[in-house]
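Overview (structure and organization)
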Amino acid sequence: MIIAVRSPSGTTKINVSDTAIVKDLYVKLKENNVDIDGKSIAKTPRDPPLEVGDKLSSVGIKSGDLLHLIGGGSNSDSNNNKTSSSNNNSIDDNNNNNKKKEISYDEKLPNGLTPRCKHAVGDKCVFCSDAQGMKRCDHPENATCPNCQDKKFKGKRLKWLCNHPAGSKCSNCLRVGKNVSYKCNHGPTATCVNCMDKDGDEDEEENNKDNSEIKTSGGFAPKVAIKNEIKTKCLHGPNQKCINCLPKDDPNSVEVPKRRCKNHGINGSCVECIEWRESLKMKLKSQDNPHAPGALVDFQSANIFQQYIANSKFEQQRIGYLFGNFLSDGSVVVDSIYEPPQECKDKQTPTLLPDPLADKIESMASMLGLTRVGWIFSHPSRKYTMSSTEIIQAAAYQNKYGPSFVTLILSVNSDGQSNMEAFQVSDQALKLEKTAEFLATQPDPTKCKLKSPVFEEGTETVNADTHFFIVTVPLKAREDKSIFEISFPVENRIPVNTLSDLASYKLEHKDVSPLKFFSDFHFLIFLLENQFLDFQSDFPIICENVRSRSSENLIGYLEILNYQIGDIIGHDQFN
């Protein structure tokens, strides 16, 4: 390395190795006829002399640095300005004076500074403060760095050394709270992208506590973001709003989202808004996966429904409600089919009539541990699977009873054989029904007429093809047997059930257990309709015993029915 040494006789360049020590510099100076008697080498005229055995690299000296050859004291500094022809006696006198007036670099001057201080009066550094660092740095003792200022100190806390005048503030000397790991350059009431949404995971109470600590620390402090104040990095103030920090639209909402355009106000419009409104129009597409992975139907219940319609050669169509349960995966298990009051004309879909027992039957099904899981209807042979009216009705049921609600359809094929299939309607049909986009009158059974246009295969139309809304559900017969018997005639059929049907049921089941006697869903509906038992007090007990498969409280109710039936058919019929 090349080191320059400035002496009273001029500047001398010395070439030494990287492992050289200070003593090697003295040797090189002497070889260059430089007077080194009574002189020392230091980094600056104000710095203490370097030790003879110090390694140059260890004291921070590198190639190209300028060192100074100075005398031993203040008198020698003035004598060094004399010519090199001074006699040896004057040099000896100066050395003697240097021993008497040796400077202490740790001794404070009258103004409170030390010879090593380089800052203004009133500021502090590691040399003039009483603080002592716990770890020393690798640089020379007379130097300082942020590393040795940021350690734990004993005594008074030191500020970082800054380049600005006294009384000013910068990011180095700002006092920051314990929980804040970043610093900003603005005042306490300003906000920038660095301090926005930093502590999003902390609650509002903890953030307010941190802010209160910072406010009492004095000086400017970085602003800590408060939760829910501004959630995105915007360019405006904390009390303003833009399209980035406004609440986001709910994708599941049935209401059309409002356009927030940057080009105009809320009542304006532009080309971008027109394109945006066009993008809101539904693009019809088929749905592959149903919400219900499968429908497990009780074979006996489905067979009785199918047999009644087949016996009329599909001239009488029927509608029924499926009662059962939803499984954890969304599949449907059907236990019984309830046929409400209805009438059918001209082989078309029957019309439902007012049902005075609708609420009580729903309550009784709930007592039995059942819920409405679907509906079933029949239709004669036709070219389409579901009509537009049937799709709208199925969508209304799914929105009311849950997405796994299924639709069973009993139809007849070209060979005259009956066929039962399970379906659901798509999510697009559910949304259209929820937003009342379907018109009440549907003139074409193969097209769903809408209030607002949709895109069907790239073409805008208000007549949507029904096949876009139909989703097939796998239909299977139950492997296990339902707990409910089906021996009593189904309600609301022609001919209607009478008391003679009750007597026949009793005679056919006079030898069965009370549990099996009361486990017929249609028989319980007949008792409910004819008020043989009190709905408020008797039915909850009967339904609970049927549900839990217990005959504990059913014997008494069986005796009550036996007495009432005996009045009809004669008591000697039970003997």
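Residues numbered from 1 in each chain as written. Predicted model: local features only at pLDDT ≥ 70, side-chain atom pairs only at ≥ 80, totals over all residues. Heavy atoms only, no water.

**What about the overall build of the protein?**
Formally: Secondary structure elements are taken from DSSP: a helix is a run of H or I of four residues or more, a strand is a run of E of two residues or more, and numbering for both begins at the N terminus. Only protein chains enter the calculation, and the probe is 1.4 Å; a residue is then buried if its accessible area is under 20% of its type maximum, exposed if over 50%, and partly exposed in between. When checking whether two residues touch, look at their non-hydrogen atoms; a contact exists if any pair is within 4.5 Å. Reported accessibility uses the Shrake-Rupley method at a 1.4 Å probe radius. Residues are deemed covered only where the shown protein chains occlude them.
Helices and strands together make up the secondary structure of the protein, namely 15 helices and 18 strands. The buried share among the 575 residues of the protein stands at 39%. When contacts within the protein are restricted to residue pairs at least 6 apart in sequence, long-range pairs at least 24 apart make up 59% of them. A total accessible area of about 33500 Å² is found for the protein, and carbon and sulfur atoms account for 48% of it.

**Observations concerning the nonpolar core**
To keep it simple, the criterion reads: In these notes, a set of buried Ala, Val, Leu, Ile, Met, Phe, Trp, Tyr and Cys residues joined through side-chain atoms within 4.5 Å is what counts as a nonpolar core.
Counting residues in each nonpolar core, the largest one holds 62 residues, and the members touching the most others are Met364, Leu368, Phe469, Phe518, Phe523 and Leu527. For this core, the element with the highest residue contribution is helix α13 (residues 521–530), accounting for 7 residues. Non-local contacts of leucine 368, meaning those with residues more than four positions away in its chain, are made with Phe484, Phe521, Leu524, Cys543, Val546 and Arg547. Counting 20 residues, the second largest nonpolar core, distinct from the first, contains Ala302, Phe305, Ile309 and Val373.

**Focus: the packing of helix α9 (residues 388–401) against helix α10 (residues 427–434)**
We apply this condition: Inter-axis angles, ranging from 0 to 180 degrees, are taken between N-to-C directions of lines fitted to C-alpha atoms, where helices are fitted over the stretch in contact. Any angle that is under 35 degrees is reported as roughly parallel, and any over 145 degrees as roughly antiparallel; angles of 65 to 115 degrees are reported as roughly perpendicular and all others as oblique. Here the term charged refers only to Asp, Glu, Lys and Arg, the term nonpolar to Ala, Val, Leu, Ile, Met, Phe, Trp, Tyr, Cys and Pro, and the term polar to all other amino acids, Gly among them.
Interaxial distance between α9 and α10 falls to 9 Å at its minimum, and their mutual angle equals 85°. In terms of axis orientation, α9 runs roughly perpendicular to α10. Facing Ile392, Ala395, Ala396, Gln398 and Asn399 of α9, the residues of α10 in contact are Ala429, Leu430, Glu433 and Lys434. Tallied by class, the residues present in the contact of α9 with α10 amount to 5 nonpolar, 2 polar and 2 charged.

**A word on the sheet that holds strand β1 (residues 2–7)**
Just so we agree on the cut-off: Criterion used throughout: strands pair if DSSP finds at least two bridges between them.
Taken in spatial order, the 4 strands of this open sheet run β2-β1-β4-β3, and their pairing is mixed. The open sheet terminates on both sides in strands that have one partner only, identified here as β2 (10–15) and β3 (39–42). Neighbouring strand axes in the sheet, compared pairwise and without regard to direction, differ in orientation by 30° on average. Note that β1 and β2 share 6 bridges and pair antiparallel. By the bridge assignment for β2, alanine 4 is matched with lysine 13.

**Digging into helix α11 (residues 499–508)**
Condition: It is the directions from the helix axis to the C-beta atoms whose arc is reported.
Considered for burial, the residues of α11 that qualify are Leu502, Ala503, Tyr505 and Lys506. Relative to the axis of α11, the buried residues are bounded by an arc of 160° and lie together on one face.

**Some thoughts on the sheet that holds strand β7 (residues 295–297)**
Strand order across the open sheet formed by 8 strands is β17-β14-β13-β12-β8-β9-β7-β18, with mixed pairing between neighbours. Each edge of the open sheet carries a strand with a single partner, namely β17 (470–473) and β18 (475–477). Each adjacent strand pair in this sheet contributes to an overall mean axis angle of 35°, direction not counted.

**Examining empty space enclosed by the protein**
The line we're drawing: Cavities and pockets are found on a 1 Å grid laid over the protein atoms alone: a cavity is a set of points where a 1.4 Å probe fits but cannot escape, a pocket is an open set with protein on both sides within 12 Å along at least five of seven lines, and a lining residue has an atom within 4 Å of such a point. Grid points are joined across faces, edges and corners, and a volume is the space filled by probe spheres set on the points.
What the rule picks out here adds up to 2 cavities of 30 Å³ or more. Taken as a whole, the second largest cavity holds about 60 Å³ of empty space. If you go around the second largest cavity, the residues you meet are Ser301, Ile304, Phe305, Ile337, Glu339, Ile486, Val490, Arg493 and His522. For the lining of the second largest cavity, the leading source of residues is helix α7 (residues 299–311), giving 3 residues. Grouping the constituent residues of the lining of the second largest cavity by class yields 5 nonpolar, 2 polar and 2 charged.

**Some details on the environment of glycine 458**
Turning to its location among the elements, glycine 458 is positioned in the loop between β15 (447–456) and β16 (459–465). For glycine 458 and lysine 283, which are 175 residues apart along the polypeptide, the C-alpha to C-alpha distance reads 7.9 Å.

**Structural notes on the packing of aromatic side chains**
Applicable threshold: A pair of aromatic rings is counted whenever rings of Phe, Tyr or Trp (Trp by its six-membered ring) have centres within 6.5 Å, and the orientation is called stacked for planes under 30 degrees apart, edge-to-face for over 60 and tilted otherwise. Two limits define a charge over a ring: the Lys NZ or Arg CZ must be within 6 Å of the ring centre, and within 35 degrees of the ring normal.
For the coordinates displayed, the defined rule picks out 19 aromatic pairs. The interplanar angle of 85° and the centroid separation of 5.3 Å between the aromatic rings of phenylalanine 517 and phenylalanine 518 together place this pair among those described as edge-to-face. Overall, phenylalanine 518 belongs to the buried group, its relative accessible area being 0%. Among the aromatic residues, ring-to-ring pairing joins Phe488, Tyr505, Phe517, Phe518, Phe523, Phe526 and Phe532 into one connected group. Arginine 493 extends its terminal NZ or CZ atom over the ring of tyrosine 308, reaching a point 4.1 Å from the ring centre. In this structure, lysine 506 is placed above the aromatic ring of phenylalanine 517, and the distance from its NZ or CZ to the ring centre is 5.1 Å.

**Notes on the packing of helix α8 (residues 358–367) against helix α14 (residues 539–548)**
The description of two packed helices rests on the angle between their axes and on the distance between the axes. The geometry of α8 relative to α14 is characterised by a closest axis approach of 8 Å and an angle of 40° between their N-to-C directions. In terms of orientation, α8 and α14 fall into the oblique class. Residues Met364, Ser366 and Met367 of α8 touch α14, and the partners they reach there are Phe539, Pro540, Cys543 and Arg547.

**Observations regarding the side chain of glutamine 342**
Put simply, the rule reads: Whenever a nitrogen or oxygen atom comes within 3.5 Å of another N or O atom, the pair is scored as a polar contact, on the condition that within protein one atom can donate a hydrogen and the other can accept it, and that pairs from neighbouring residues in sequence are kept only if both atoms are in side chains.
Turning to its location among the elements, glutamine 342 is positioned in strand β10 (residues 342–343). Side-chain polar atoms of glutamine 342 contact the backbone nitrogen of isoleucine 319, separated by 2.7 Å. Of note is the side chain of glutamine 342, whose polar atom sits 2.9 Å from the backbone oxygen of proline 340. Apart from the residues lying within four places of it in its own chain, the contact partners of glutamine 342 are Gln317, Arg318, Ile319, Pro350, Thr351, Leu352 and Leu353.

**Focus: the pattern of salt bridges**
Two side chains of opposite charge can pair, provided their charged atoms sit close to one another. Here is the rule we go by: The term salt bridge refers to a pairing of a side-chain nitrogen on Lys or Arg with a carboxyl oxygen on Asp or Glu at a separation within 4 Å.
Counted under the stated rule, the structure contains 10 salt bridges. One salt bridge connects glutamate 339 with arginine 493, and the closest N-O pair in it is separated by 2.7 Å. Of this pair, glutamate 339 sits in the loop between β9 (332–338) and β10 while arginine 493 sits in the loop between β18 and α11, placing them 154 residues apart in sequence. As far as the burial class goes, glutamate 339 and arginine 493 line up, both buried. Residues arginine 478 and aspartate 480 are paired through a salt bridge, measuring 2.8 Å at the closest nitrogen-oxygen approach. Overall, aspartate 480 belongs to the partly exposed group, its relative accessible area being 47%. In the salt-bridge network here, residues are joined through shared partners; they are Arg318, Glu339 and Arg493.

**A look at the pairing of β1**
Joining the antiparallel neighbours β1 and β2 is a turn of 2 residues. Sheet analysis places β1 next to strand β4 (residues 66–71), joined by 3 bridges and oriented parallel. Of the residues in β4, the one forming a bridge with arginine 6 is histidine 68.

**Regarding the pairing of strand β13 (residues 406–412)**
What counts here: The handedness rule is simple: strands pointing away from the viewer, and a clockwise path from the first strand over the helix to the second, make the crossover right-handed.
Summarising burial for β13: 7 of the 7 residues are buried, a large majority. Inspection of the sheet shows strand β12 (residues 371–378) paired to β13 by 5 bridges, in the parallel sense. Counted as the bridge partner of serine 378 is leucine 410 from β13. Where the polypeptide runs from β12 across α9 and back to β13, its parallel neighbour, the crossover connection is right-handed.

**Focus: the side chain of lysine 43**
Worth spelling out the cut-off: Residues counted as positive are Lys and Arg, residues counted as negative are Asp and Glu, and His and the chain ends are not counted.
Tracing the sequence through the fold places lysine 43 in the loop between β3 and β4. We note that lysine 43 is buried and unpaired, the nearest opposite charge coming from aspartate 47 at a distance of 6.5 Å. Within the local environment of lysine 43, its side chain forms a polar contact with the backbone oxygen of valine 59, the two atoms lying 2.5 Å apart.

As far as function goes, none of this settles anything; it's purely spatial.
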